[in-house]
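A structural walkthrough
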Amino acid sequence: MHLEHTAEDRVLALHLPADLDLTARAAADLHVQRLLLAHRPVRVRLHLAAGPATEASLSVLARVRRLCKGLGIPLDLSDQPWTARPQPPYGRPAPPASLT
């Protein structure tokens, strides 16, 4: 299970699909936990996809909330469209964002 994400200025932005199934739930939980430990963000922004959320998606949302609370990381929820910047390959700095 691969969740779309981007990390910029120590803010980790995640895109959580609304239609996760039970088999993807555990993988999504583990992926989020690994991202939190790898990036050590100061804030997490979770983008919940539009549409009716499955029980598995809500379970992952609750897990992310508990993880962030336990680590003392503020969590923002957003229903805005997902606009992740592509991550650069490891070892290369990201190009600066345009100001247009």
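Turning our attention to the overall build of the protein. From N to C terminus, the protein includes 2 helices and 4 strands. Along the protein, helices and strands appear, N-terminal first, in the series β-β-α-β-α-β. Looking at the protein residue by residue over its 100 residues, the buried ones come to 33%. Expressed as a percentage of contacts within the protein between residues at least 6 apart in sequence, the contacts between residues at least 24 apart total 80%. Summed over all atoms, the accessible surface of the protein reaches about 6800 Å², with 56% contributed by carbon and sulfur.

This next bit is on the pairing of strand E3 (residues 43-48). Both strand E2 (residues 11-16) and E3 contribute to a ladder of 6 bridges, which runs parallel. Bridged to Leu16 within E3 is Leu48. Tracing the backbone out of E2, into helix H1 (residues 22-39) and back to the parallel element E3 gives a crossover that is right-handed. Here E3 pairs with strand E4 (residues 75-78) via 4 bridges, running parallel. Among the inter-strand pairings, Val44 is bridged to a residue of E4, identified as Leu75.

So, on to H1. In this model, H1 (18 residues) spans 26 Å end to end at C-alpha, consistent with the 26 Å of a helix rising 1.5 Å per residue. Of all the residues in H1, the buried ones are Ala24, Ala28, Asp29, His31, Val32, Leu35 and Leu36. In this fold, the buried residues of H1 make contact with strand E1 (5-8), E2, E3 and helix H2 (55-71). Count one or two residues on from H1 and you reach Arg40, which has phi positive near 45 degrees.

Our focus in this paragraph is the sheet that holds E2. With respect to topology, 4 strands assemble into an open sheet ordered E1-E2-E3-E4, the strand pairing being mixed. Two strands bound the open sheet, and with one partner strand each, they are E1 and E4. Taken over all neighbouring pairs, the strand axes of this sheet differ in orientation by 20 degrees on average, direction set aside. In this fold H1 packs onto E1, E2 and E3, with an angle of close to 170 degrees to the strand it touches most, E2.

Turning next to the environment of His5. Within the secondary structure, His5 sits in strand E1. Once the C-alpha coordinates of His5 and Leu16 are considered, the two residues, 11 residues apart in sequence, prove to be 9.2 Å apart.

The next subject is the nonpolar core. In terms of nonpolar packing, the biggest core is built from 19 residues, with Leu14, Leu20, Val32, Leu36 and Val44 touching the most fellow members. Residues within four places of Val44 in sequence aside, it is in contact with Leu12, Leu14, Leu36, Cys68, Ile73, Pro74, Leu75 and Asp76.

All right, on to the confidence of the model for the protein then. Detailed conclusions should not be drawn from predicted coordinates in areas where pLDDT is low. When the pLDDT values of the protein are averaged, the result is 81; 78% of them are 70 or greater. In the model of the protein, E1 stands out as the element of lowest mean pLDDT, 88, in contrast to H2, which has the highest, 91.

Definitions and cut-offs
- Residues numbered from 1 in each chain as written.
- Predicted model: local features only at pLDDT ≥ 70, side-chain atom pairs only at ≥ 80, totals over all residues.
- Heavy atoms only, no water.
- Helix = DSSP H or I, 4+ residues; strand = E, 2+ residues; numbered from the N terminus.
- Buried < 20%, exposed > 50% of the residue type's maximum accessible area, 1.4 Å probe, protein only.
- Contact = heavy atoms within 4.5 Å.
- Areas by Shrake-Rupley, 256 points an atom, 1.4 Å probe, with all protein chains shown as cover.
- Pairing = 2+ DSSP bridges.
- Right-handed = clockwise from strand over helix to strand, strands pointing away.
- Expected span 1.5 Å × (residues − 1).
- Axes fitted to C-alpha atoms, helices over the stretch in contact; angles between N-to-C directions.
- Core = buried A, V, L, I, M, F, W, Y, C linked by side-chain atoms within 4.5 Å.
- pLDDT = per-residue confidence, 0-100.

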